[in-house]
Amino acid sequence: MNPFPLTRGQTEALTRNHPTPFHLYDEAAIRANARRLIKAFSVLPDFREYFAVKATPNPFILKILAAEGCGADCSSLAELRLCEAVGLRGDRVMFTSNETPDAEFRAARELGAIINLDDVTHIDALVAATGSLPETLCFRYNPGPLKAGNAIIGHPEEAKYGLTRDQLFDGYAKARDLGAKKFGLHTMVVSNELDEQYHVETARMLFELVVEIHRRLGLRISFINTGGGIGIPYRPEQKAVDYDVVARGARKLYDEIVVPAGLDPLAYNMECGRAITGPHGWLVTRALRRKETYRSYIGVDASMANLMRPGMYGAYHHVTVLGKENAPATKTYDVVGSLCENCDKFAIQRALPEIALGDLLVIHDTGAHGHAMGYNYNGKTRSAELLLRPDGSVLQIRRAETLDDLFATLDLGAVANFK
Ligand SMILES: *Cc1c(COP(=O)(O)O)cnc(C)c1O
């Protein structure tokens, strides 16, 4: 569990210019984490981490990660545009989309991104949309019932993503016949997985497939991408994934499977989002109301508009009351937002210190899939994003939405004249 990097006093001071709620990200910690991951996986050939933009789609974060050597993994037009804005292009961008509109295939080609196709029919769709097949092409593999998924991602055979095994062989053969020269193999079979062996087994599955593709088609895969899915310890009793254990485990299998088949070097890529930024972001909110009915409720000024994971997945996020870090947890609360949705709860029946109205609460591990998943139900606006810089200063990297933003798509003048 990463402690919140500011004291209660510093945070109170910050709220004078930046009212709660807001997300705060720790730049130094994000940089150090990216470096640690890249260093661990550098035991594999030509390792590259493509940060999954959807996890924290803020160009300041992308620029920080690009400076640390990361590429970016995109799945939409907006995410491609963010890459463009920070100068990420060419093979530093991976485009892993599904049900892809033609315009997005065109935008990805214009950026020179590596296109990762989600279906065998997308070969023709890509040619139809862009006029040609790119020289480099990647396919997303869905192993189906061969491999068990985990709770968030479900079972691969029920997942809409990727090609079946047979389609994969057909896809490579067809792409080669149409002139593609360089090939990648991608999969993503787990999400938020803390067990290192799952990640090593994903690498094994892809290594074996690379060998089989070569044997059956005489076609050489240049790179694999094991997807994202490295988990983070949301609960205090959980342990962070040891990058070295995954990397060394994958390296051992590489030496056993890829090297003897004469297929070395095979570049190794990942596209983690959560593991990179997740533990280094916090949602800061203030206790506004207390209510005693069948349970004790603390109402805060954040809601599911700012963080969906607890309501959507029943996900646990640790909660700290600033200034009461060492106080005994003598109360049991539901910590709730103000949406007309009973799932708008950040914590359910959680043991916490006694909370006074006005206390600042920190919700931990919101650096990935936090602000990004927010929505505007009940007309709630999404919060600002702040960046704690390595020199201790705080930079606003996204302002909070206003009601004007919310109503920007409405023509209130036209309503006045509407009968
Ligand atoms: C969401 C996603 C990721 C990132 O997942 P994390 O759990 O944030 O690591 C990577 N690749 C694909 C294709 C995804 O859909």
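Treat the numbers as computed from the prediction; the structure is a model and nothing was measured. (Residues numbered from 1 in each chain as written. Predicted model: local features only at pLDDT ≥ 70, side-chain atom pairs only at ≥ 80, totals over all residues. Heavy atoms only, no water.)

**Here we look at the domain arrangement of the protein chain**
Entries for the protein chain in the domain assignment read domain 1 (8-22 + 279-406) and domain 2 (27-278). When each unit is reduced to the centre of its C-alpha atoms, the spacing between domain 1 and domain 2 is 32 Å. Counting from both sides, the interface comprises 22 residues of domain 1 and, opposite them, 26 residues of domain 2. Taken over both partners, the interface formed by domain 1 and domain 2 buries close to 2000 Å², and the fraction arising from carbon and sulfur atoms is 59%. Put simply, domain 1 and domain 2 have 1 salt bridge between them. (Domains from an automatic or database assignment. Contact = heavy atoms within 4.5 Å. Buried area = accessible area lost by both parts, 1.4 Å probe. Salt bridge = Lys/Arg side-chain N within 4 Å of Asp/Glu carboxyl O.)

**Observations concerning unusual backbone geometry**
A cis amide bond links threonine 20 with the next residue in sequence, proline 21, at an omega value of 0 degrees. Structurally, the position occupied by proline 21 is in the loop between α1 (8-17) and β1 (22-26). Following aspartate 264, the chain continues to proline 265 via a peptide bond in cis, the omega torsion being 5 degrees. Mapping proline 265 onto the fold places it in the loop between α9 (243-258) and β9 (267-270). A positive phi angle, close to 50 degrees, is found at glutamine 349, a residue other than glycine. Owing to a relative accessible area of 40%, glutamine 349 belongs among the partly exposed residues under this scheme. (Helix = DSSP H or I, 4+ residues; strand = E, 2+ residues; numbered from the N terminus. Buried < 20%, exposed > 50% of the residue type's maximum accessible area, 1.4 Å probe, protein only.)

**Some thoughts on the site of the ligand**
Around the ligand, the surrounding shell holds 13 residues, and the nearest of these are Lys54, Gly229, Glu271, Arg274 and His369. Between aspartate 73 and the ligand, the recorded distance is 3.3 Å, taken from a side-chain N or O atom to a nitrogen atom. Contact distances for the ligand include 2.7 Å between an oxygen atom and a backbone N or O atom of arginine 274. Split by residue class, the shell around the ligand holds 3 nonpolar, 5 polar and 5 charged. (Near = heavy atom within 4 Å. Polar contact = N/O pair within 3.5 Å; in protein donor to acceptor, adjacent residues only side chain to side chain. Nonpolar A, V, L, I, M, F, W, Y, C, P; charged D, E, K, R; others polar.)

**Observations concerning the packing of aromatic side chains**
Counted according to the given criterion, the structure contains 9 aromatic pairs. Residues phenylalanine 4 and tryptophan 282 carry aromatic rings whose centres are separated by 5.6 Å and whose planes lie at 80 degrees to one another, so their mutual orientation is edge-to-face. Residue phenylalanine 4 is found in the segment before α1, and its partner tryptophan 282 is found in strand β10 (residues 281-292); the two are separated by 278 residues along the sequence. You can call phenylalanine 4 buried: its relative accessible area is 12%. A relative accessible area of 2% means that tryptophan 282 is categorised as buried. Taking 6.2 Å as the distance between ring centres and 55 degrees as the angle between the ring planes, the aromatic pair formed by phenylalanine 207 and tyrosine 268 counts as tilted. (Phe/Tyr/Trp six-rings, centres within 6.5 Å; stacked < 30°, edge-to-face > 60°.)

**Topic: helix α8 (residues 196-217)**
End to end, α8 covers 32 Å across 22 residues, agreeing with the expected 32 Å (1.5 Å per residue, within 8%). Where α8 begins, the side chain of aspartate 195 points an oxygen toward the backbone nitrogen of glutamine 197, at a separation of 2.9 Å. (Expected span 1.5 Å × (residues − 1).)

**Here's the deal with the pattern of salt bridges**
This model, assessed by the stated rule, comprises 21 salt bridges. With a shortest N-O distance of 2.8 Å, arginine 31 and glutamate 68 are connected by a salt bridge. Within this pair, whereas arginine 31 is found in helix α2 (residues 27-41), its partner glutamate 68 is found in the loop between α3 (59-67) and β3 (71-74), the two being separated by 37 residues in sequence. A relative accessible area of 14% means that glutamate 68 is categorised as buried. Arginine 35 is paired through a salt bridge with glutamate 68; the nearest N and O atoms lie 2.7 Å apart. Here glutamate 68 lies in the loop between α3 and β3 and arginine 35 lies in helix α2, a separation of 33 residues in the sequence. Sharing partners across several salt bridges, the network here consists of Glu27, Arg31, Arg35, Glu68 and Arg389.

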